[in-house]
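# Structural description and commentary
Single-letter residue listing:
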Amino acid sequence: MQKLWANSGDSHFIEPENLWRDSLPPALAERVPRSVKDPDGEWETVHVDGMAFRRKLPTGAAQEFMRKTVDHAGSFNVEARLKDLDNEGVWGEVVYPSLGMWCASFRTPEVLREAVRVSNDWAYETLEKANPRLVTTGQVSTLDINDAVTELERIAEMGYRAVFLPTLPHPQQKDYNYDDWEPFWAACEAANIVVAFHIGSEPVDLSDKTRTPGMKFRGPGGAILNYTETSYEGQRAVTKMVSSGALDRHPNLKVLVSEGGATWVPFVVDRMEEAYRQHAMAVRPKLKRSIRETVYSQVYASFQHDKSAVAAATYLGYNNVLWGSDYPHMEGTFGHTQETLHELFDDADPKVAERVMHGAFYELFPQVPPIPQEPTLQPAGQ
């Protein structure tokens, strides 16, 4: 089997467990996320900014699967990671945080402001400078927009090329469709920083002790319901930025939605255009460009396994589709990346395959070096 090489629009790196606690003053360190496991190892208590919840830990087959994926050496070690990428056939990749996925659930602005500075300094030294193939996503506060702008400008000077935002800011802050965010969008456009949303990053409700955070549904089908529900988060974030005119006002601002699939984009565009047309008397603000033109030129979406995403790029005119490995998460392709790539692209239009595996990624991140010719000659798994 000829080895295919692709760039990935989605992956994660696990920061040192005590990164925040060891780097912040005691009064702030006490409020950053930490977990305390029960002696029997079956449950843990997670503390987040003065709040806490309990959750059951994986056991048996689930625990073994986690050990092979999320707990793999490449999750923590850059050298091991690059070996994994070479073996899997992944060249460049967008790298999201792990601890940082809690950012939307902080409620103390000072704690969040200082925590993201620590994360960004650490990630830049550990990942961004380690290899130009790694596109690290910076982090900013969603509790204080002035803090967000200040940190965005700082990390842009450092050399960051993307900034991670949760799909929904904390309820204490205005949502993304409000003009309060205008200075941040302007700063991102000016710095040529890609706004990178990742599904599964909405604030969690820690007040409901009857539910595990992020679990909206219980009962029959709960696992599928909860997993599918996360896909809608990115769609809502994009719809807010488009309908509020944020992307219309900033035509050079690029948005990436990772792990949420790509087929939704043409459908959501159809619905937004219908709303704009059929309810024109109620639409505010009025937009200078068509919604389709805006989304198809500024919004990018990544997927892992969806054959429909390749079809969207082939037949529906939406070309900003990126494949993503979601390394090393359990729903990703780690361990079967080559099988996945061949299944997706062996019968695809070569131009579409090139665009999805390489072109759209390089459009966002042209600083990533091109894939050398030699790797394409390696057999899969070597």
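Here's a quick rundown of the structure. (Residues numbered from 1 in each chain as written. Predicted model: local features only at pLDDT ≥ 70, side-chain atom pairs only at ≥ 80, totals over all residues. Heavy atoms only, no water.)

## Examining the environment of G324
In this fold, G324 is placed in the loop between β11 (321-323) and α14 (337-345). Sequence spacing of G324 and R31 is 293 residues, and the spatial spacing of their C-alpha atoms is 33 Å. Every residue in contact with G324, bar those within four places of it in the chain, is listed here: S8, G9, D10, F303 and Q304. (Helix = DSSP H or I, 4+ residues; strand = E, 2+ residues; numbered from the N terminus. Contact = heavy atoms within 4.5 Å.)

## Things to note about the sheet that holds strand β3 (residues 43-48)
Strand order in the open sheet made by the three strands is β2-β3-β4, with antiparallel pairing throughout. Both outer strands of the open sheet, β2 (34-37) and β4 (51-56), are each paired with one neighbouring strand and no more. Across the sheet, the mean angle separating the axes of adjacent strands is 25° when strand polarity is ignored. Note: β2 against β3, four bridges, orientation antiparallel. Counterpart to K37 in the pairing with β3 is E44. (Pairing = 2+ DSSP bridges. Axes fitted to C-alpha atoms, helices over the stretch in contact; angles between N-to-C directions.)

## Digging into the packing of helix α5 (residues 109-128) against helix α6 (residues 145-158)
The contact between α5 and α6 brings their axes to 11 Å, and the two run at 10°. Compared by their axis directions, α5 and α6 come out roughly parallel. On α6, the residues that touch P109, R113, V116, R117, N120, D121 and Y124 of α5 are D147, E151, R154, I155 and M158. Of the residues that constitute the contact of α5 with α6, the class distribution is five nonpolar, one polar and six charged. (Parallel < 35°, antiparallel > 145°, perpendicular 65-115°, else oblique. Nonpolar A, V, L, I, M, F, W, Y, C, P; charged D, E, K, R; others polar.)

## What to know about the side chain of S141
Of note, S141 is situated in the loop between β6 (134-139) and α6. Among the polar contacts made by the side chain of S141, one reaches the main-chain amide nitrogen of L143 at a distance of 3.0 Å. Engagement of the side chain of S141 in a polar contact is seen with the backbone nitrogen of D144, the distance being 3.2 Å. (Polar contact = N/O pair within 3.5 Å; in protein donor to acceptor, adjacent residues only side chain to side chain.)

## Observations concerning helix α4 (residues 78-88)
Three or four residues apart is the spacing at which side chains of an α-helix point the same way, because the helix has 3.6 residues per turn. Those residues of α4 not exposed but buried are V78, A80, R81, L82, D84, L85 and E88. In this structure, the buried residues of α4 make contact with β5 (90-95), α5, β6 and α14. Sitting at the head of α4, N77 places a side-chain oxygen 3.0 Å from the backbone nitrogen of E79. (Buried < 20%, exposed > 50% of the residue type's maximum accessible area, 1.4 Å probe, protein only.)

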